[in-house]
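Architecture at a glance
So you can see what is in the structure, the chains are spelled out below.
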Number of protein chains: 2
Amino acid sequence: MVTIFDVVRHAGVSSSTVSYVLNGTRRISEATRGRVLRSVAELGFHPNAGARTLAGRRSHIIALVMPLHRGVYVPIMTEIAISVTTTARRHGYDVLLVTNDEGPEGVRRVAASGLADGVILMDVELDDQRIPALRAQGTQAVLIGLPDDPHGLSCVDHDFAAAGALCAEHLADLGHREIAFIGYGSGVYQRHAGYAERTLTGFRERAGQRGLRFLDRPCEGTYESTAGTLARIVADRPRTTGFVVQNEAAIGPLLSLLHSSGRSVPEDASVVALCPEQLAEQYAPALTAVSGPTRELGRVAVDQMIRRLTDARRGAQPEDERPLLTPTLTPRQSTARLSVPKEPS
Amino acid sequence: MVTIFDVVRHAGVSSSTVSYVLNGTRRISEATRGRVLRSVAELGFHPNAGARTLAGRRSHIIALVMPLHRGVYVPIMTEIAISVTTTARRHGYDVLLVTNDEGPEGVRRVAASGLADGVILMDVELDDQRIPALRAQGTQAVLIGLPDDPHGLSCVDHDFAAAGALCAEHLADLGHREIAFIGYGSGVYQRHAGYAERTLTGFRERAGQRGLRFLDRPCEGTYESTAGTLARIVADRPRTTGFVVQNEAAIGPLLSLLHSSGRSVPEDASVVALCPEQLAEQYAPALTAVSGPTRELGRVAVDQMIRRLTDARRGAQPEDERPLLTPTLTPRQSTARLSVPKEPS
DNA sequence: TTGTAAGCGTTATCAC
DNA sequence: GTGATAACGCTTACAA
């Protein structure tokens, strides 16, 4: 194993100089800097991680806690994980993958042992059990999602209210006047209602401003429940021509129900989905959809973490930030300008 | 921070005793063992990771290198990553997520710095640049996939030959006599041909044994190339009734081409896919498919890694293992017994 | 069955 | 602008 003292001998400097050169934490003359770097390269020196962690009291590792349970769209989680990892590397950090099956004890362990300098939590629930654990340790944390009480930590999430508003806006622009909003089932609203409610609120508000008549209905996402939901909508508001689907699971059922009931999309009914781009493109017709910038979510989370760690190191109290990322609506084949309804002859 | 010396004082024992109790590396009387564990729990002691790594010369961390490039089916990679993580935890190891954008330098870094005790490589190419880097360091490595020259490291992969054989077997059992095998494009064969070729070999062999007449054709997986491939197959072998699709990208095109050319699946043509279960279920009709045990892949990789690390620690030369996991065929709606062809009236 | 103490290879404080 | 050196908190011979 190549140690710092091999470099010391090879470059003819002290170990502190080598350390300072490598960490950039002290002004070094170009001459010695060059010599040290050359020796490092020549010898293939890689500072020992354990020693570095012990002496520096930080591991340069960020723990990323991934959800396991069904119901999360895997490719999105993976994309976030990857953007977290690459962003972390750019800051000289590595990423430790922690699954949720250890529960709150998992984050406690990695934080208390100094294995990780900070923790990024994905798929946060409103009343998340891991948050008190993190606070108790004084661990730096960034959440992807918004919990009930985010004090003492930073969060980042999509601007779901803006997403809801975009849906209303788009359908209004296309001349639709009666809209149905198909939401999630009650389970979701209880567990991490945050985004579900925020979307609905944003939608409602903009729909009101644009003079839309609208209806919102919960939906479990099964074929049966979607059928029931659609039937009620048609019964209550037969002139509904626009649909906003929030529950991704209901998209497939909705499309085939519309089809089998003789309404074609987008001629007779426009459908806007709130879902990832990849999903929207899988359907036929491809769905006009509102989605947030996935990779950005990971990038921002890491940037926040780095800021917190830097502040904490300087003895400053890290600022709790809470940015919301702006979603975009991508028009595809499932929405169209409202045409004059064909009268039955 | 709670250190081992806090436990020492609280339990009235020496630091080595605490260490031995926690690591189980020495016989300890039940009495002291109990006292130590109680103190540990009471004080909430978590051994400092950096110190542990430095003193013990191992990090209890396994690096998992994930592929980034398009063309890999993300949910599968994620599933493997999760099974790697949970299995590693059962052995007291954590998992460091490494992406491939650092190239061979990434594995060199985590290994040489002692950040990771070993490296698990996913999506291995035949002539993988990271392998020489690992060998040069003497790093313990396990590959998911089979490279050209696997000496000095362990591998685990699906038994693709068995998978190919299962396809032939199934179609033969259903009475099909003329089969077309739709493979990958030339790019795949060059990059990591391993599995592509092995599958084809297994298929060929069993097809021969069962007296099938067969044809194999490469396919890039685009709609156009699939159309071309299918056209050639029909031209060369008009009586073909069974299709084996290896290139997942060609599945969608193939199904719609068969449909639009008036052959219905499974009445007129049976289709067997070589792909993950999740994918097979997404199509209409749901595909009869051969797939390997995904989670098992991660589990076995970690078990092999642990064995290598244990051996190496004992001063023994780790054994290079190379297990192949047995795939299974799940019959769904895309295959059926060959019916007597309808004569045009 | 338990204790003593010498490292492990950095970082960061102090001194120059 | 550079050097010497004392931590950092464990593990693991070696002793008893």
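The structure displayed is predicted, hence computed values, not measured ones.

About the thresholds
- Along each chain, the written sequence defines residue order, and numbers are assigned to residues from 1.
- The lettering of chains begins at A and the numbering of ligands begins at 1, in the order of writing.
- Reporting of local features is limited, given that this is a predicted model, to residues whose pLDDT is at least 70; pairs of side-chain atoms are given and counted only at 80 or more, and all residues count toward the totals for whole chains, interfaces and linings.
- Here the side-chain values reflect all heavy atoms present in the structure, with hydrogen atoms and water set aside.
- We call a residue near a molecule or strand when any one of its heavy atoms sits within 4 Å of it.
- Pairs of N or O atoms within 3.5 Å make up the polar contacts considered here, provided that, within protein, one atom can donate a hydrogen while the other can accept it, and that residues adjacent in sequence are counted only when both atoms are side-chain atoms.
- Throughout, the ten residues Ala, Val, Leu, Ile, Met, Phe, Trp, Tyr, Cys and Pro are labelled nonpolar, Asp, Glu, Lys and Arg are labelled charged, and all others, Gly among them, are labelled polar.
- Domain boundaries shown here were taken from an automatic or database domain assignment.
- Copies are brought into register by a least-squares superposition over C-alpha atoms of residues with pLDDT of at least 70 in both.
- Put simply, DSSP H or I for four residues or longer makes a helix, DSSP E for two residues or longer makes a strand, and each gets a number counted from the N terminus.
- Each helix should span, by expectation, one fewer than its residue count multiplied by 1.5 Å.
- Buried residues are those whose accessible area, probed at 1.4 Å on protein chains only, stays under 20% of the maximum for their type, while exposed residues exceed 50% and partly exposed ones sit between those limits.
- Summarising the geometry, the arc corresponds to the directions from the helix axis toward the C-beta atoms.
- Here a cavity means grid points, on a 1 Å grid over the protein atoms only, where a 1.4 Å probe fits yet cannot get out; a pocket means an open set of points with protein on both sides within 12 Å along at least five of seven lines; lining residues are those with an atom within 4 Å of a point.
- Grid points are joined across faces, edges and corners, and a volume is the space filled by probe spheres set on the points.
- Pairing between strands requires that DSSP locate at least two bridges from one strand to the other.
- In this analysis an axis means a line fitted to C-alpha atoms, helices contributing only their contacting stretch, and an angle means the value between N-to-C directions, from 0 to 180 degrees.
- Throughout, a residue-residue contact means that at least one pair of heavy atoms, one from each residue, lies within 4.5 Å.
- Two aromatic rings, drawn from Phe, Tyr or Trp (for Trp, its six-membered ring), form a pair once their centres lie within 6.5 Å of each other, and the interplanar angle then sorts them: stacked below 30 degrees, edge-to-face above 60, tilted otherwise.

This part takes up the protein's contact with DNA strand C. In the region of DNA strand C, 31 residues are neighbours, and S19(A), Y20(A), A55(A), T17(B) and R26(B) sit closest. Backbone sugar and phosphate groups make up 55% of those atoms of DNA strand C lying within 4 Å of the protein. One of the side-chain nitrogen or oxygen atoms of R27(B) is found 3.5 Å away from a phosphate oxygen of DNA strand C. Here a base oxygen of DNA strand C sits 3.4 Å away from a polar atom, N or O, in the main chain of A55(B). Class assignment of the residues belonging to the surface near DNA strand C gives a composition of 13 nonpolar, 12 polar and 6 charged.

When cut into domains, chain A gives domain 1 (1–57) and domain 2 (160–292). For domain 1 of chain A versus domain 2 of chain A, the distance between C-alpha centres works out to 59 Å.

Moving on: the relation of the copies chain B and chain A. Turning chain B through 180° and shifting it by 0.0 Å along the axis lays it on chain A, with an RMSD of 0.1 Å. A rotation of that kind, with that shift, is consistent with a two-fold axis.

As a further point, take unusual backbone geometry. Residue and element names in this part refer to chain A. With omega at 5°, the peptide bond leading from V265 into P266 counts as cis. By the secondary structure assignment, P266 is in the loop between α11 (248–260) and β9 (270–274). For the bond from A284 to P285, the omega torsion is 0°, close enough to zero to count as cis. Secondary-structure assignment places P285 in the loop between α12 (277–282) and β10 (288–291).

Residues and elements named next belong to chain A. End to end, helix α10 (residues 223–236) covers 20 Å across 14 residues, agreeing with the expected 20 Å (1.5 Å per residue, within 8%). Among all positions of α10, only S225, T226, T229, L230 and I233 are buried. Buried residues in α10, looked at end-on, bunch into an arc of 135°, giving them a common side. In α10, the exposed positions that point more than 90 degrees away from the buried face belong to E224 and A235.

Across all of its chains, the model carries 1 cavity of 30 Å³ or more by this definition. Taken as a whole, the largest cavity encloses approximately 50 Å³ of empty space. Surrounding the largest cavity, M66(A), T78(A), A81(A), I82(A), L97(A), M66(B), T78(B), A81(B) and L97(B) form its lining. For the lining of the largest cavity, the elements supplying multiple residues, two or more each, are α5 (74–90) of chain A together with α5 (74–90) of chain B. No other element matches the 3 residues that α5(A) contributes to the lining of the largest cavity. For the lining of the largest cavity, the class distribution of residues is 7 nonpolar, 2 polar and no charged.

The next subject is the sheet that holds strand β12 (residues 328–330) of chain A. Residue and element names in this part refer to chain A. Strand order in the open sheet formed by 6 strands is β7-β6-β8-β9-β10-β12, and the pairing between neighbours is mixed. The open sheet has two free edges, formed respectively by β7 (213–217) and β12, since each of these has just one partner strand. Strand-to-strand twist in this sheet, taken as the mean axis angle between neighbours without regard to direction, amounts to 20°. The sheet contact formed by strand β6 (residues 178–182) and β7 spans 5 bridges and is parallel. Its bridge partner lying in β7, I179 is registered against F214. Contacting β6, β8 (242–245), β9, β10 and β12, helix α8 (residues 160–173) runs over the sheet at an angle of about 165° to β9.

Residues and elements named next belong to chain A. Across all of its chains, the model carries 8 aromatic pairs over all chains by this definition. Between Y184 and Y195, the ring centres sit 5.8 Å apart and the planes meet at 85°, which makes this aromatic pair edge-to-face. Here Y195 lies in helix α9 (residues 186–209) and Y184 lies in the loop between β6 and α9, a separation of 11 residues in the sequence. Of the residues examined, Y195 reaches a relative accessible area of 24% and is grouped as partly exposed. With 5.5 Å between their ring centres and 75° between their planes, F203 and F214 make a pair best called edge-to-face. Linking F203 in helix α9 with F214 in strand β7, this pair joins segments that are 11 residues apart in sequence. Take F203: its relative accessible area is 0%, and that puts it in the buried class. One aromatic cluster is present, built from ring pairs that chain together F160, Y184 and Y195.

If you check the shell around DNA strand D, you find 31 residues, and the closest are T17(A), R26(A), S29(A), I4(B) and S19(B). The contact in question runs from a phosphate oxygen of DNA strand D to an N or O atom on the backbone of S14(A), over 3.0 Å. Only α2 (15–23) and α4 (49–56) of chain A together with α2 (15–23) and α4 (49–56) of chain B provide two or more residues apiece to the surface near DNA strand D. Among the residues forming the surface near DNA strand D, the class breakdown is 12 nonpolar, 13 polar and 6 charged.

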